[in-house]
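Given next are the chains, with one letter for each unit.
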Amino acid sequence: MITESQIKSALRAAPTCGKKSIELKDGGSRGEGRLALIVRAGESRITTEWYAVYYRGGKRTTTKMGSYPTYGIADARKLFREEYAPKISSGENPTGPRSRANKIGVTVLDLFQAYVAHLKANASPRSAVTARFILLGPPSRPGGAARAIGEDMRAADVRPADITPHLSEIHARGCVALAADTRTYISAAFAFVIKSANSYTQPAGATKWGIETNPVAAIPADPAGARIGDRHLSPSEFRAFWRWLEREDSNSAVAPALRLIMATGQRVTEILELTNTSYDRGERMLDWRKTKNGRQHSIPLPTQALSILDGLVVNRHGLFFPHGRRPDEPATIYSPPKVIYHYAEDTGAAPFTARDFRRTWKTLTGAAGLSKDIRDRLQNHARQDVSSRHYDRYEYLQEKRAAMATWSAYLDRILAGEFDKNAMKEAA
């Protein structure tokens with residue numbers, strides 16, 4: 001099976017190995033073909049391209065599928081398994097994206113796949129997960145906006161009237177924020193190919209998209225979809241959910257992640273993506289090499305978070321919270337809402353979201369006596385003043401440790417039930 005280390009070795013060896021190309025191949029059943037990655041060293045650059053390799057009449061045949069790293073290993077395997085292997089097994093000769101484009105032009109599906117691949121490889125792996133879900137549907141149930149608009153429609157022919165019915169259907173279900181997000185991601189996909197059409201640095205620039213205008217530009221945004229939340233949990237609500245999660249730890253792999261978010265105030269995705277390299281048991285800290293705002297971030301941990309992490313075992317891929325069906329990937333942002341929904345159904349509690357915990361932590365730590373400055377630093381909120389952006393390189397570790405110790409003591413009091421729903425008012 002092709003691995004990342006094999007690819008890196010091939011890339012290093014290609015310029016000096018004396019061969020025209022280096023080929024890496026996955027295994028597979030007889031008659032289904034093989035997924036292959038062919039690495040070629042040219043005069044000015046090295047190309048790495050995915051191929052479906054199979055035999056017809058005793059002759060080896062190859063069909064180009066796409067480029068690496070635009071398509072990572074997992075994406076290439078999925079593409080081969082779903083689109084190429086079935087045709088090879090049935091005796092057909094599958095066509096690659098370039099051949100399909102020559103026949104009917106680049107399709108909506110081609111466009112959305114290229115945009116998701118771009119996010120994953122270059123811009124934002126976290127955003128790629130959401131974009132894939134919205135534009136292409138979840139891996140277990142493909143579809144999404146691509147199918148609603150028309151997967152085989154020429155991308156250049158898409159008009160606002162092809163998009164609005166899909167947005168209206170989502171909005172009618174009461175999913176106002178999802179409808180707004182769907183509009184945003186469709187617009188971003190079209191904007192991406194328009195901007196990259198003449199780029200010499202992006203793989204998408206080699207594709208003749210034929211798109212000159214963004215059809216989403218004529219669809220007005222819904223102000224309600226961008227509504228800023230103001231929900232935060234009271235100490236009693238916080239305690240009730242925490243205790244409920246403790247009982248769910250054995251039933252839900254995400255329950256400990258939610259308690260960790262509540263204890264630290266960190267972003268949902270950054271907790272779900274924790275690996276064994278992120279947790280320093282000796283220093284009692286979590287460290288992220290890169291976060292949502294592009295910065296490295298580290299925090300000392302309260303004792304409650306230490307207890308949670310020390311009770312977990314990472315899987316063989318080093319993940320604390322792996323995806324249920326794909327153990328080499330972290331759980332997605334769609335997992336916590338399911339647990340919260342189950343809690344609301346089970347207890348009749350007032351609704352809230354996983355993102356509300358970040359606001360809750362900010363509020364409760366303020367009541368505990370932490371200054372806004374140290375709370376912002378612990379939550380990795382960007383500071384825009386000139387001093388912070390250009391001059392202040394002090395890590396504030398001592399202050400962070402002291403603040404977390406204060407919060408840890410206050411959290412013990414919350415979990416012990418010392419505060420009722422009016423605790424914030426009393427603390428003031």
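This text follows the structure it describes.
All figures in this text were calculated on a predicted structure; none of them were measured in a lab. Numbering of residues starts from 1 in every chain and runs along the sequence as written. This being a predicted model, a pLDDT of at least 70 is required before a residue's local features are given, and a value of 80 or more before pairs of side-chain atoms are given or counted; all residues contribute to the totals for chains, interfaces and linings. Note: side-chain values were computed over all heavy atoms of the structure, leaving out hydrogens and water.

Caption draft 1: Structural context of the pairing of strand β3 (residues 46-56). β3 sits mainly inside the fold: eight of its 11 residues count as buried. Two strands pair if DSSP finds at least two bridges between them. Only runs of H or I of at least four residues qualify as helices and only runs of E of at least two qualify as strands under DSSP, and these elements are numbered from the N terminus. Relative to strand β4 (residues 59-67), β3 runs antiparallel, the two being bridged by eight bridges. Pairing of valine 53 across the sheet is with threonine 62, part of β4. Between β3 and β4, which follow one another and run antiparallel, lie two residues, and glycine 57 among them has a positive phi close to 60°. With a 1.4 Å probe rolled over the protein chains alone, any residue whose accessible area is under 20% of its type maximum counts as buried; one over 50% counts as exposed, and the rest are partly exposed.

Caption draft 2: The arrangement of the packing of helix α9 (residues 235-248) against helix α17 (residues 397-415) in detail. At a closest axis distance of 9 Å, the pairing of α9 and α17 adopts a crossing angle of 80°. Regarding the angle of α9 to α17, the classification is roughly perpendicular. Of α17, the residues touching α9 (which contributes Pro235, Phe238, Arg239, Trp242 and Arg243) are Leu411, Ile414 and Leu415. Grouping the amino acids of the contact of α9 with α17 by side-chain chemistry returns six nonpolar, no polar and two charged. In this description, a line fitted to the C-alpha atoms serves as the axis of each element, helices being fitted only across the stretch in contact, and the angle between N-to-C directions of two axes falls anywhere from 0 to 180 degrees. Each angle receives one of four descriptions, namely roughly parallel if under 35 degrees, roughly antiparallel if over 145, roughly perpendicular if within 65 to 115, and oblique otherwise. Any two residues whose heavy atoms approach within 4.5 Å at even a single point are treated as in contact. All residues other than Ala, Val, Leu, Ile, Met, Phe, Trp, Tyr, Cys, Pro, Asp, Glu, Lys and Arg, Gly among them, are scored as polar; the first ten of these are nonpolar and the last four charged.

Caption draft 3: Just the sheet that holds β4, in detail. The strand order across the open sheet built from four strands is β1-β2-β3-β4, with neighbouring strands paired in antiparallel fashion. Among the strands making up the open sheet, the edge pair consists of β1 (21-25) and β4. Strand-to-strand twist in this sheet, taken as the mean axis angle between neighbours without regard to direction, amounts to 35°. Sheet topology places β1 next to strand β2 (residues 34-41); five bridges connect them, and they run antiparallel.

Caption draft 4: The arrangement of the environment of isoleucine 170 in detail. Mapping isoleucine 170 onto the fold places it in helix α7 (residues 160-172). Sequence-wise, isoleucine 170 and alanine 180 are 10 residues apart; in three dimensions their C-alpha atoms are separated by 9.3 Å. Sequence-distant contacts of isoleucine 170, defined by excluding residues within four places in its chain, comprise Cys175, Leu178, Ala179 and Thr182.

Caption draft 5: Looking closely at the nonpolar core. What makes a nonpolar core is a set of buried Ala, Val, Leu, Ile, Met, Phe, Trp, Tyr and Cys residues whose side-chain atoms join them at distances within 4.5 Å. If you look at the biggest cluster of nonpolar residues, it comprises 51 residues, and the most contacted ones within it are Phe241, Leu258, Ile271, Leu286, Leu309 and Phe357. Not counting the four nearest positions on each side in its chain, phenylalanine 357 is found in contact with Leu233, Phe241, Leu258, Ile261, Met262, Ile340 and Phe352. Core analysis: the second largest hydrophobic core is formed by 31 residues, Ala145, Ile149, Val158 and Trp209 among them.

Caption draft 6: Spatial organisation of the packing of α9 against helix α10 (residues 255-264). Taken N-terminus to C-terminus, the directions of α9 and α10 make an angle of 150°; their axes are 9 Å apart at the nearest point. One way to sum up the angle between α9 and α10 is to call them roughly antiparallel. By crossing handedness, the relation of α9 to α10 is classed as left-handed. Here Phe238, Phe241, Trp242, Leu245, Glu246 and Glu248 of α9 lie close against α10, whose contacting residues are Ala255, Leu258, Arg259, Met262 and Ala263. Each crossing gets its handedness from the near helix: less than a right angle anticlockwise from the far helix is left-handed, clockwise is right-handed.

Caption draft 7: Layout of the sheet that holds strand β7 (residues 297-300). Overall, antiparallel pairing links the three strands, which are arranged β5-β6-β7 in an open sheet. Two strands lie at the open edges of the sheet, namely β5 (279-280) and β7, each paired on one side alone. In terms of strand pairing, strand β6 (residues 285-288) meets β7 through four bridges, oriented antiparallel. Residue pairing across strands places tryptophan 288 opposite histidine 297, the latter belonging to β7. Set on the sheet, α17 makes contact with β6 and β7; between it and β7 the angle comes to about 45°.

Caption draft 8: Here's a closer look at unusual backbone geometry. The backbone of arginine 284 shows a phi angle near 60°, a positive value even though the residue is not glycine. Turning to its location among the elements, arginine 284 is positioned in the loop between β5 and β6.

Caption draft 9: A look at the packing of aromatic side chains. Stacked, tilted and edge-to-face are the three classes applied to pairs of Phe, Tyr and Trp rings, where Trp contributes its six-membered ring and a pair requires centres within 6.5 Å; stacked means planes under 30 degrees apart, edge-to-face means over 60, and tilted covers the rest. A full pass over the atoms with the stated rule returns 15 aromatic pairs. For the pair phenylalanine 320 and phenylalanine 321, a centre-to-centre distance of 6.3 Å together with 40° between the ring planes defines the contact as tilted. What links up through ring pairs into an aromatic cluster is the set Phe241, Trp244, Tyr343, Phe352 and Phe357. Whether a charge sits over a ring comes down to the Lys NZ or Arg CZ being within 6 Å of the ring centre and within 35 degrees of the ring normal. The ring of tryptophan 242 has arginine 259 sitting right over it, with the charged end atom 5.4 Å from the ring centre. Sitting above the plane of the tyrosine 396 ring, arginine 377 keeps its charged end 3.7 Å from the centroid.

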